[in-house]
Amino acid sequence: MKEIVIGMNFPRRTAAENIDQALQHVVNSGFDCVELNLSDFPLIAGGEIQWEYVRYVKEKFNKYPLQYTAHIGGGLQLRNIHEYDLQKNVLRSSIDICSELNLNPLVLHFEQSSPQLQKEKAFLEAHIEAADYAAEFGIQLCIENIEVEDYTKVLDMIEKVNRENFRMTLDVGHLALSTTYFGCDFEVAIKECIPYVGHVHLNDNTLSFEEMRIENFMLYQTMDMGYRITFGRGDIHLPPFWGKVPMEWVLETLHEADYNGIYICEYENNLYVPFHKGIQENVRQVITGIRNRYNEGK
Ligand SMILES: [Zn+2]
């Protein structure tokens, strides 16, 4: 059976000059992998790659015994038909950076679908083009379900793209929130997603959807995370097993379906530095326990 690969998102708010300390801390916490958000550093400017910066990050990343994955930078909007070429350039440059830094897969966001068919067509076509480009470098694109949208739209899109290297990033926390909001059964949803899953985000919350996320995104963004966590408002990115998402059941269901990809613990990690090791150990222990139970015939 494949080794268990558990990662965390790249330590938030790390200054470029402190990448070494950040990665050493990830290694010391026992994680096997790191997911870099491509807008954590100015690797792209105006759609074009800043090679000097990319080489700097590469030299740092190469020093540590970690696998690396990527998360698309904030703000990519492939439904933006007015700036379509710029948006596509950012995605293409992101794929080039993944190839240069050995980041694989690259996580993309589905966000919310548009009622305008022209925008949905542009969105789909840009992803088909990107998948074909990424395939040249052996990179997998994994599109993530966001809590603001019905997950079945993500599955439909993956069907339409119809490329081997275009899969789903199952964000467990987002799915728990969206099924609550859209009134679907979480367990049914997980089972429907599983055949499409290429990458997993273990992200926890208190199962309480924050309506402001849909109704007034500008205001939502101004809400302090400490406040949102205290009151359990929406997508609060708690570490796995710190909230109410039935994580063990999800991990067991993924195991039953022979999922053998990476598990990224995607939490507000700057708030949990003393707990990184315990979070990693806990997830590993649960997955190992499930595997052992199944090996012994449950
Ligand atoms: Zn996620």
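Just so you know, these numbers come straight off a predicted model, no measurement behind them. (Residues numbered from 1 in each chain as written. Predicted model: local features only at pLDDT ≥ 70, side-chain atom pairs only at ≥ 80, totals over all residues.)

**Focus: the overall build of the protein chain**
Condition: Put simply, DSSP H or I for four residues or longer makes a helix, DSSP E for two residues or longer makes a strand, and each gets a number counted from the N terminus. In this description the radius of gyration comes from C-alpha coordinates, and the expected globular size is given by 2.2 Å times residues to the power 0.38. Exposure classes come from backbone-placed C-beta atoms, where a residue is buried if 20 or more other C-beta atoms lie within 10 Å of its own, exposed if 12 or fewer do, and partly exposed in between.
Of the regular secondary structure elements, the protein chain holds 12 helices and 10 strands. On C-alpha atoms alone, the protein chain measures out to a radius of gyration of 18 Å, which is about the 19 Å that the 2.2 N^0.38 rule sets for 298 residues. Over its C-alpha atoms, taken along the principal directions, the protein chain stretches across nearly 55 × 45 × 40 Å. Every one of the 298 residues in the protein chain was classed for burial, and the buried ones make up 38%.

**Observations concerning helix 3 (residues 84-101)**
What counts is decided by this rule: The span you would expect from a helix comes to 1.5 Å times its residue count less one.
Given a rise of 1.5 Å per residue, 18 residues ought to cover 26 Å, and the 26 Å separating the end C-alpha atoms of helix 3 matches this to within 8%. Looking at helix 3, one finds that the buried residues are Q87, V90, L91, S93, S94, I95, I97, C98 and L101. Two residues or fewer past helix 3, N102 is found with a positive phi of approximately 60°.

**Description of the nonpolar core**
Here is the rule we go by: Under the definition applied here, buried Ala, Val, Leu, Ile, Met, Phe, Trp, Tyr and Cys residues are grouped into a nonpolar core through C-beta atoms within 7 Å. A residue pair is marked as a contact if its C-beta atoms, positioned from the backbone, fall within 7 Å.
Judged by nonpolar contacts, the single largest core of 65 residues is most densely connected at L106, L141 and C265. Sequence-distant contacts of L106, that is, excluding residues within four places in its chain, are made with A70, I72, S94, I95, C98, A134, I139 and L141.

**Some words on the environment of E59**
Tracing the backbone through its elements, the reader meets E59 in helix 2 (residues 51-61). In the structure, E59 is positioned 120 residues away from T179 in sequence and 42 Å away in space, judged by C-alpha atoms.

**Description of helix 1 (residues 19-28)**
For the record, the criterion: Working note: the arc is built from the helix axis to C-beta atom directions.
All of the buried residues in helix 1 are I19, L23 and V26. Projected down its long axis, helix 1 carries its buried residues within an arc of 55°, all on one side. Projecting away from the buried face of helix 1 at angles above 90 degrees are the exposed residues D20, Q21, Q24 and N28. In the core, the buried residues of helix 1 are packed alongside strand 1 (6-9), strand 2 (33-37) and helix 2. Looking one or two residues beyond helix 1, the residue adopting positive phi is G30, at roughly 85°.

**Digging into the sheet that holds strand 1**
Hydrogen bonding along the main chain pairs the strands of a sheet, whether they run parallel or antiparallel. To keep things clear, this is the line we draw: For two strands to count as paired, DSSP must find a minimum of two bridges between them. The convention used is that axes are lines fitted to C-alpha atoms, helices contributing only their stretch in contact, and that angles between N-to-C directions extend from 0 to 180 degrees.
The parallel closed barrel is built from eight strands, whose spatial order is 1-2-5-6-7-8-9-10. Direction aside, the axes of adjacent strands within the sheet are offset by 30° on average. Relative to strand 5 (residues 67-71), strand 2 is paired through five bridges, and the arrangement is parallel. Among the inter-strand pairings, V34 is bridged to a residue of strand 5, identified as Y68.

**Some thoughts on the pairing of strand 5**
Along a regular strand, successive side chains alternate from one face of the sheet to the other. Basically, it comes down to this: Clockwise travel from the first strand over the helix to the second, with the strands pointing away from the viewer, marks a crossover as right-handed.
Counting buried residues along strand 5, four of its five residues qualify, which places the element largely inside the surrounding structure. Across three bridges, strand 5 lies against strand 6 (residues 103-109) in parallel orientation. Bridge pairing links A70 to L106 in strand 6. Once you follow strand 5 into helix 3 and on to strand 6, the crossover reads as right-handed.

**What to know about the packing of helix 4 (residues 117-135) against helix 5 (residues 151-161)**
Our working definition: Orientation is classified from the angle alone, with under 35 degrees giving roughly parallel, over 145 giving roughly antiparallel, 65 to 115 giving roughly perpendicular, and any other angle giving oblique. Here is the rule for handedness: rotate from the far helix to the near one, and if that takes an anticlockwise turn smaller than a right angle the crossing is left-handed, while a clockwise turn gives right-handed. Under the scheme applied, nonpolar residues are Ala, Val, Leu, Ile, Met, Phe, Trp, Tyr, Cys and Pro; charged residues are Asp, Glu, Lys and Arg; polar residues are all the others, including Gly.
Contact geometry for helix 4 and helix 5: axes closest at 10 Å, N-to-C directions at 55°. Looking at the two axes, helix 4 sits oblique to helix 5. For the pair helix 4 and helix 5, the sense of crossing is right-handed. Contacts between helix 4 and helix 5 involve L124, H127, I128 and A131 on the former and, on the latter, M157, K160 and V161. Looking at the contact of helix 4 with helix 5, its residues break down into five nonpolar, one polar and one charged.

**Things to note about unusual backbone geometry**
Along the chain, N104 connects to P105 via a cis peptide bond; the corresponding omega equals 0°. The phi dihedral of N162 is positive, around 55°, even though this residue is not glycine. Along the chain, the position of N162 falls in the loop between helix 5 and strand 8 (166-171).

**Observations regarding the pairing of strand 1**
The side-chain alternation of strand 1 yields two buried faces, one formed by I6 and M8 and the other by G7 and N9. With three bridges connecting them, strand 1 and strand 10 (residues 263-265) associate as parallel partners. When the sheet's bridge partners are listed, M8 is paired in strand 10 with C265. Bridge analysis of strand 1 against strand 2 gives three bridges, and the strand direction is parallel. Residue pairing in the sheet places G7 in a bridge with C33 of strand 2. The β-α-β motif built from strand 1, the intervening helix 1 and the parallel element strand 2 has right-handed crossover chirality.

Keep in mind these values describe shape, not function.
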